[in-house]
Amino acid sequence: MTTQTHWQAWHEPYADENSPLSRRLRLVQQHIASWLDQRPDERVTVVSACAGQGHDLIGVLASRPDAHRVHGTLLEYDAGNVAAAQAAAGQAGLSNLVIRQADAGQLSSYVGAVPADLVLMVGVFGNISDADVQRTVAALSQLCAEGATVIWTRARRAPDLTPTVRAWLRDAGFVEEAFHAPDDVRFSVGIHRLEGAPRPLDATGMVFKFSH
Ligand SMILES: C[S@@+](CC[C@H](N)C(=O)[O-])C[C@H]1O[C@@H](n2cnc3c(N)ncnc32)[C@H](O)[C@@H]1O
């Protein structure tokens, strides 16, 4: 028997479809699906930072007949989660997804994976310092292709950082397309589109360090 790491066990509430985590997942998935519906391109690219077991992207693509259009890279540090995401992608026949065991806080991990049309920062901003959130938001346009969409999440535990995150995104050239903050839960989900110009990746940069 192998022992589960904290970050594998973190995924357990997904088994309960009424858990806040499952509700957050459904919102993220709805936005991934509608983003795909709005992008008729033959090929679109996605990068997911701290992708975990990939429930959001893999969950959507598994039921999409046009999944082959999506070329994606999932960056995840935990070996067990990498294996789970690889198994799920394999089972769904998603051969255009690469699951990379890498530190998503290091911009060198994104080489070859960006610029992406969709950037997933799901379950990241609540696990890093406020200064690292600011640094990551400021670097986001390095991960983005022109007109890219970013889907991000952040718990609204006090003091709620989300008004500041939204202001940082505005300052970084993003327009807000949606922001979900249901009253009965602490999570929030933001959808932002890059209106400013993408910037080339500075692969020497470091944007965050996870608090484990
Ligand atoms: C809060 S979970 C979110 C997982 C997934 N995005 C989701 O929402 O289901 C954070 C994930 O980040 C991973 N992680 C932690 N530090 C990381 C790092 N430096 N680089 C990449 N992944 C990291 C953890 O192993 C965990 O799977």
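Before reading further, recall that the structure is shown in the block above.
All values derive from a computational prediction rather than experimental measurement.

Participant: Would you take a moment to explain helix α5 (residues 130-139) for this structure?
Facilitator: Since the α-helix packs 3.6 residues into each turn, any two residues three or four apart lie on the same face. Regarding α5, the residues found buried are Asp132, Val133, Thr136, Val137 and Ala139. For α5, the angular spread of buried residues about the axis comes to 165 degrees, placing them on one side.

Participant: Would you take a moment to explain the pattern of salt bridges for this structure?
Facilitator: A side chain with one charge can pair with a side chain of the opposite charge if their charged atoms come near. What the rule picks out here adds up to nine salt bridges. Across the salt bridge formed by Asp184 and Arg23, the nearest N and O atoms sit 2.9 Å from each other. Remark: Arg23 occurs in helix α2 (residues 20-38) and Asp184 occurs in the loop between β6 (174-180) and β7 (189-194); sequence separation between them is 161 residues. Taking relative accessible area as the criterion, Arg23 reaches 28% and is therefore assigned partly exposed. A salt bridge links Arg39 to Asp117, with the nearest nitrogen and oxygen atoms 3.4 Å apart. Of this pair, Arg39 sits in the loop between α2 and β1 (44-49) while Asp117 is found in strand β4 (residues 116-121), placing the two residues 78 residues apart along the sequence. Of the two residues examined, Arg39 and Asp117, each falls in the buried class. Beyond isolated ion pairs, a larger network of salt bridges with shared partners links Asp37, Arg64, Asp66 and Arg69.

Participant: Please explain the site of the ligand as it appears in this structure.
Facilitator: Near the ligand lie 20 residues; those nearest to it are Tyr14, Glu76, Asp103, Ala104 and Val122. Contacts to the ligand include Arg24, whose side-chain N or O atom sits 2.9 Å from an oxygen atom. The contact in question runs from an oxygen atom of the ligand to an N or O atom on the side chain of Glu76, over 2.6 Å. Residues belonging to the shell around the ligand are distributed by class as follows: ten nonpolar, six polar and four charged.

Participant: Even after reading the chapter, I still don't get the sheet that holds β1, so can you show me in this structure?
Facilitator: With respect to topology, seven strands assemble into an open sheet ordered β3-β2-β1-β4-β5-β7-β6, the strand pairing being mixed. A single partner strand is all that each edge strand has here, and the edge strands are β3 (97-101) and β6. Across the sheet, the mean angle separating the axes of adjacent strands is 15 degrees when strand polarity is ignored. Relative to strand β5 (residues 144-153), β4 is paired through five bridges, and the arrangement is parallel. For Ala116, the partnering residue across the bridge sits in β5 and is Cys144. Across the face of the sheet, helix α6 (residues 162-171) comes into contact with β5, β6 and β7 while running at roughly 155 degrees to β6.

About the thresholds
Residues numbered from 1 in each chain as written. Predicted model: local features only at pLDDT ≥ 70, side-chain atom pairs only at ≥ 80, totals over all residues. Heavy atoms only, no water. Buried < 20%, exposed > 50% of the residue type's maximum accessible area, 1.4 Å probe, protein only. Helix = DSSP H or I, 4+ residues; strand = E, 2+ residues; numbered from the N terminus. Arc of directions from axis to C-beta. Salt bridge = Lys/Arg side-chain N within 4 Å of Asp/Glu carboxyl O. Near = heavy atom within 4 Å. Polar contact = N/O pair within 3.5 Å; in protein donor to acceptor, adjacent residues only side chain to side chain. Nonpolar A, V, L, I, M, F, W, Y, C, P; charged D, E, K, R; others polar. Pairing = 2+ DSSP bridges. Axes fitted to C-alpha atoms, helices over the stretch in contact; angles between N-to-C directions. Contact = heavy atoms within 4.5 Å.

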